[in-house]
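Residues per chain are reported as follows:
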Amino acid sequence: MSLADLRQSYEKKVLLESDAAASPFDQFSTWFDEALAAQVPEPNAMTLATVDERGHPSARIVLIKGADPRGFVFYTNYESRKGRELAANPRASLLFFWQALERQVRIEGTIEKTSAEESDTYFHSRPLGSRLGACASHQSQPATRENLEAALRDCEQRYGDAPPRPDYWGGYRLVPDRFEFWQGRPSRLHDRLVYEPDGSGDGKSWRIVRLSP
């Protein structure tokens, strides 16, 4: 079978304005809970897209670690490629794809760092191996496997079971200004509902617009 012949008909659910929550955060929470209930593999996995100072885009999968009306939180090395790109251009996009439910959620907004206290709390909640790995890795820098393993052994000897959070590691929060909820439908006439601020300036009121698929 050729690539051009690969296709799937989406027929499981619908997304109507009458059923959509007034708040995109509530709509996201509903859909996320349904992804959990459906046992979608890694429902917290999302594509993070960034742009560097030259306008060159890049994307990778990261894990969401917090979601509330303040925004969507993930953690990483501040000196990684994505960290450098976010420092140069603090705009980003998130994409969740829950194939089993034939759904996507796209979220766009401005990036800010979480507080040191938030980063500390999350860092110390991680498994020991993950904490040691964060200390040992200079993410996105050239390395050999031998050097990485040697750095990990050094961190194990230096910190034991209490590694501190490195200064170069912590959280980012994407503060949304646009959401798109996509529900697959037959004949490629998919449901696409966009949430945008309604212009009131209160940061809490949103208008919903349907887009053609």
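Residues numbered from 1 in each chain as written. Predicted model: local features only at pLDDT ≥ 70, side-chain atom pairs only at ≥ 80, totals over all residues. Heavy atoms only, no water.

The chain is annotated in an unreviewed UniProt entry as Pyridoxine/pyridoxamine 5'-phosphate oxidase from Bordetella genomosp. 8. Turning to the chain, the UniProt annotation filed under Function (unreviewed entry) states: "Catalyzes the oxidation of either pyridoxine 5'-phosphate (PNP) or pyridoxamine 5'-phosphate (PMP) into pyridoxal 5'-phosphate (PLP)." Listed under Sequence similarities (unreviewed entry) in UniProt, the entry text for the chain is "Belongs to the pyridoxamine 5'-phosphate oxidase family." (UniProt positions renumbered as here; feature names shortened; annotations may be inferred.)

The subject of this paragraph is unusual backbone geometry. Positive phi outside glycine occurs at Gln 39, with the angle close to 55°. With a phi close to 75°, Ser 140 is a non-glycine residue in the positive phi region. On the secondary structure map, Ser 140 appears in the loop between α4 (128-136) and α5 (145-159). Judged by relative accessible area, which is 46%, Ser 140 ranks as partly exposed. (Helix = DSSP H or I, 4+ residues; strand = E, 2+ residues; numbered from the N terminus. Buried < 20%, exposed > 50% of the residue type's maximum accessible area, 1.4 Å probe, protein only.)

All chains considered together, the criterion is met by zero disulfides. Left unpaired, Cys 135 is separated from the closest cysteine sulfur, that of Cys 155, by 5.2 Å. The buried category is assigned to Cys 155, whose relative accessible area is 6%. (Disulfide = S-S within 2.5 Å.)

Attention shifts here to the pattern of salt bridges. All told, the structure shown has 20 salt bridges when counted by the stated rule. With a shortest N-O distance of 2.9 Å, Glu 17 and Arg 210 are connected by a salt bridge. Remark: Arg 210 occurs in strand β9 (residues 206-210) and Glu 17 occurs in the segment before α1 (24-37); sequence separation between them is 193 residues. A relative accessible area of 37% places Glu 17 in the partly exposed class. The partner of Glu 180 in a salt bridge is Arg 106, with the nearest N and O atoms 3.2 Å apart. (Salt bridge = Lys/Arg side-chain N within 4 Å of Asp/Glu carboxyl O.)

Since one α-helical turn is 3.6 residues long, residues separated by three or four positions face the same way. All of the buried residues along helix α2 (residues 81-88) are Lys 82, Gly 83, Glu 85 and Leu 86. Taken end-on, α2 shows its buried residues confined to a sector of 165°, consistent with a single buried face. In this structure, the buried side of α2 is in contact with β1 (45-51), β2 (57-63), β4 (71-77), β5 (91-98), β6 (103-113) and β7 (169-183). (Arc of directions from axis to C-beta. Contact = heavy atoms within 4.5 Å.)

Attention shifts here to the nonpolar core. Formed by 31 residues in total, the largest nonpolar core has its most connected members in Phe 28, Trp 98 and Ile 107. Mapped by element, the contributors of at least two residues to this core are α1, β1, β4, β5, β6, β7 and β8 (191-197). (Core = buried A, V, L, I, M, F, W, Y, C linked by side-chain atoms within 4.5 Å.)

Only one face of β2 is buried, namely the one carrying Ser 58, Arg 60 and Val 62, since none of Pro 57, Ala 59, Ile 61 and Leu 63 on the opposite face is buried. Across seven bridges, β1 lies against β2 in antiparallel orientation. Its bridge partner being in β2, Thr 50 is matched across the sheet by Ser 58. Where β1 hands over to β2, the hairpin turn is made up of five residues, of which Gly 55 adopts a positive phi near 85°. (Pairing = 2+ DSSP bridges.)

In the numbering used here, UniProt assigns the feature "domain: Pyridoxamine 5'-phosphate oxidase N-terminal" (unreviewed entry) to residues 32-143. As annotated, residues 32-143 has a helix share of 29% and a strand share of 38%, and its two end C-alpha atoms lie 37 Å apart.

Another aspect to go through is the environment of Pro 41. Positionally, Pro 41 belongs in the loop between α1 and β1. Expressed as a C-alpha distance, the spacing of Pro 41 and Trp 98, which sit 57 residues apart in the sequence, is 8.4 Å.

This paragraph deals with the side chain of Arg 192. Counting through the fold element by element, Arg 192 comes out in strand β8. For Arg 192, a relative accessible area of 17% puts it in the buried group. Side-chain polar atoms of Arg 192 contact the side chain of Glu 180, separated by 2.7 Å. A polar atom in the side chain of Arg 192 sits 3.0 Å from the backbone oxygen of Ser 212. (Polar contact = N/O pair within 3.5 Å; in protein donor to acceptor, adjacent residues only side chain to side chain.)

A few words on the side chain of Gln 27. Along the polypeptide, Gln 27 turns up in helix α1. Not counting the four nearest positions on each side in its chain, Gln 27 is found in contact with Leu 15, Asp 19, Ala 20, Ala 21, Phe 181 and Tyr 195.

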